[in-house]
There are 2 protein chains.
Amino acid sequence: MHHIDVSIEKDIFDANNRLAEKNHAKLAEAGIRAFDLLGAIGSGKTSLVELLVPLLKERGLNTGAIAGDVYGDDDFQRIVATGAPAVNANTGKECHLDAHLVQHAIDHLPLDEIDILFIENVGNMVCPTDFALGAEKRIVVVSTTEGDDVANKHPMMFREGTIAVINKVDLAEYVDCDVERLETDIHRYNPEMPVFRTNMKTGEGMESLLDEILR
Amino acid sequence: MHHIDVSIEKDIFDANNRLAEKNHAKLAEAGIRAFDLLGAIGSGKTSLVELLVPLLKERGLNTGAIAGDVYGDDDFQRIVATGAPAVNANTGKECHLDAHLVQHAIDHLPLDEIDILFIENVGNMVCPTDFALGAEKRIVVVSTTEGDDVANKHPMMFREGTIAVINKVDLAEYVDCDVERLETDIHRYNPEMPVFRTNMKTGEGMESLLDEILR
Ligand SMILES: Nc1nc2c(ncn2[C@@H]2O[C@H](COP(=O)(O)OP(=O)(O)OP(=O)(O)O)[C@@H](O)[C@H]2O)c(=O)[nH]1
Ligand SMILES: Nc1nc2c(ncn2[C@@H]2O[C@H](COP(=O)(O)OP(=O)(O)OP(=O)(O)O)[C@@H](O)[C@H]2O)c(=O)[nH]1
Ligand SMILES: [Mg+2]
Ligand SMILES: [Mg+2]
Ligand SMILES: [Zn+2]
Ligand SMILES: [Zn+2]
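These figures come from a predicted structure and were not determined experimentally. (Residues numbered from 1 in each chain as written. Chains lettered and ligands numbered in written order. Predicted model: local features only at pLDDT ≥ 70, side-chain atom pairs only at ≥ 80, totals over all residues. Heavy atoms only, no water.)

1. Topic: the sheet that holds strand β5 (residues 137-143) of chain B
Residue and element names in this part refer to chain B. Rules: Here a strand pair is declared whenever DSSP counts at least two bridges between the two strands. Under the scheme used here, helices are H or I runs from DSSP no shorter than 4 residues and strands are E runs no shorter than 2 residues, and both carry numbers assigned from the N terminus. For helices, the axis comes from a line fit to the C-alpha atoms of the stretch in contact; other axes are also lines fit to C-alpha atoms, and the angle between any two N-to-C directions lies between 0 and 180 degrees. Contacts are residue-level and defined by heavy atoms, with any inter-residue pair within 4.5 Å sufficient.
Reading across the sheet, the seven strands line up as β3-β2-β4-β1-β5-β6-β7 and stay open at both edges, with parallel pairing between neighbours. The outermost strands of the open sheet, each flanked by one partner alone, are β3 (86-90) and β7 (195-197). Neighbour to neighbour, the strand axes of the sheet diverge by 20° on average, direction disregarded. Two elements, β5 and strand β6 (residues 163-167), share five bridges in a ladder whose sense is parallel. Paired with V140 across the strands is A164, a residue of β6. Packing against the sheet, helix α2 (residues 45-58) makes contact with β1 (33-39), β2 (63-69), β4 (116-120) and β5, and its axis sits at approximately 170° to β4. Its contacts with the sheet put helix α4 (residues 99-107) on β2, β3 and β4, and the angle it makes with β2 is roughly 140°.

Given below as structure tokens:
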């Protein structure tokens, strides 16, 4: 986000936080637990939803999703194909969702049919951290193909996140990604952060990740 | 970038454009051709610089670089290791470089020793398009590991870009990336855009890309 003027910015963040609290209250009232999905482009956010819909179903829980993208409905269509109710939230030119966009999306979801809501943000490791949406946890998904310096370059993502996922562990060797370095960097910025290593092609690591999400 | 108010925004863009023109004039006066490197996190922007420094040297041209990142000096250190003069430009909280940051970076470069300047932006497919920096061409680097929907989701990147690079072609098969679809999407948004397929682990495709950059 472009920092124009500190007082204007503070107003924007305050207004956003108030709306985020409203979203949170509305979801809580409907008995829904909501989780943000943050991370770089292509890190595996939509794949995570695709994999967790059936795993949640096995646990007797119904998933819903908000698919946040600048443009298009690629992610929305993939989520709809899982059978989960979803809303497409296009930001137009913005590089992140905000609580207002999410408020509108919530209005279009069948809240009675949802237990767990995933809010997939635009692929971006910077601005989404500044905008609370109303979720109870923030899941940060990075992939080994982004390089093992990706955590070091984005301290705020991890300071403000709740759970970290290092995805595409199957491709680490092809990009010379040192997964230990990635995990060390994450813990330098957020010592308590649980970190999961996943391969979303095979589903490896998804059950333990889900345990932590629902904890 | 968060769109706060259309008139404030217009002022910011106008001020940025004026500075970008100054940067361009200063570089031209020093006989330097400058190129923006844009793309998602980990798409291969720094790898491109690492590979082109020696190829440019073979053609009798000296490279310089500005390494733009939110935080840290990972890219800066990699570029310095190639022997090319470089400046580290940290944005702090911004998700993109602007002409003002680049102006300061230019002041710290040994302009006499540079023929070709690469300006590596923050990994982001949205906001960098709005901020001209003073370069003559914009090279947009995506990688197959981001998924074959990445071009469709980011029309402006390709409308405003000059040359497209589809990198990590060696990994396309592992992420089920349809490179043809990617190229079709790019040409839907920008029919004239030259598209190069590269493997920056082996250097495949880099000589023809360099021909196009210098054209
Ligand atoms: N090999 C491999 N491919 C994966 C893995 N996880 C995801 N992919 C592939 O990586 C690409 C991107 O995954 P997505 O789930 O679309 O990523 P995303 O974070 O939703 O992407 P955006 O919404 O565009 O930011 C797709 O082609 C996936 O099939 C993994 O663990 N291993
Ligand atoms: N297998 C394979 N790996 C590549 C290729 N190009 C780059 N990589 C690896 O991908 C990772 C990211 O590459 P970088 O050049 O750092 O990407 P970047 O765009 O500069 O990343 P940021 O500056 O963090 O946005 C590194 O581990 C590279 O070694 C390629 O064509 N094939
Ligand atoms: Mg997605
Ligand atoms: Mg880089
Ligand atoms: Zn932004
Ligand atoms: Zn921005």
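2. Section: the site of ligand 2
In plain terms, the rule: Note on definitions. A residue lies near a molecule or strand when any single heavy atom of the residue is within 4 Å of it. Under this definition, polar contacts are N or O atom pairs within 3.5 Å; protein pairs additionally need one hydrogen-donor-capable and one acceptor-capable atom, and for neighbouring residues in sequence, both atoms have to be side-chain atoms. Under the convention used here, a 1.4 Å probe and the Shrake-Rupley method define accessible areas, while residue burial counts only the protein chains that appear. Any residue outside Ala, Val, Leu, Ile, Met, Phe, Trp, Tyr, Cys, Pro, Asp, Glu, Lys and Arg is labelled polar, Gly included; the first ten of those are nonpolar and the last four are charged.
In the vicinity of ligand 2, 25 residues are found, and the nearest of them are A:K153, B:S47, B:R78, B:D170 and B:M200. Mapping the residues near ligand 2 onto chains gives chains A and B. B:K45 is positioned such that a nitrogen or oxygen atom in its side chain is 2.8 Å from an oxygen atom of ligand 2. Between an oxygen atom of ligand 2 and a side-chain N or O atom of B:S47, the distance comes to 2.5 Å. Isolated, ligand 2 exposes 660 Å² of accessible area, and the fraction of that covered by the protein chains is 94%. If you list the elements that add at least two residues to the shell around ligand 2, you get α2 and α3 (74-80) of chain B. A class-by-class count of the residues in the shell around ligand 2 yields six nonpolar, 10 polar and nine charged.

3. Observations regarding the UniProt feature "domain: CobW/HypB/UreG nucleotide-binding" (unreviewed entry) in chain A
For the record, the criterion: UniProt positions are given in the numbering used here, feature names are shortened, and annotations may be inferred rather than shown by experiment.
Following the UniProt record, the feature "domain: CobW/HypB/UreG nucleotide-binding" (unreviewed entry) maps to residues 37-196 of chain A here. Within residues 37-196 of chain A, the helical portion is 32% and the strand portion 21%, while the C-alpha atoms at the span's ends are 14 Å from each other.

4. Here we look at the site of ligand 1
Near ligand 1, the surroundings consist of 25 residues, among which A:K45, A:S47, A:R78, A:M200 and B:K153 are the closest. The environment of ligand 1 is shared, with nearby residues belonging to chains A and B. A:T46 places a side-chain nitrogen or oxygen 2.8 Å from an oxygen atom of ligand 1. Surface burial for ligand 1 is 94%, taken as the share of its 660 Å² of free accessible area covered by protein chains.

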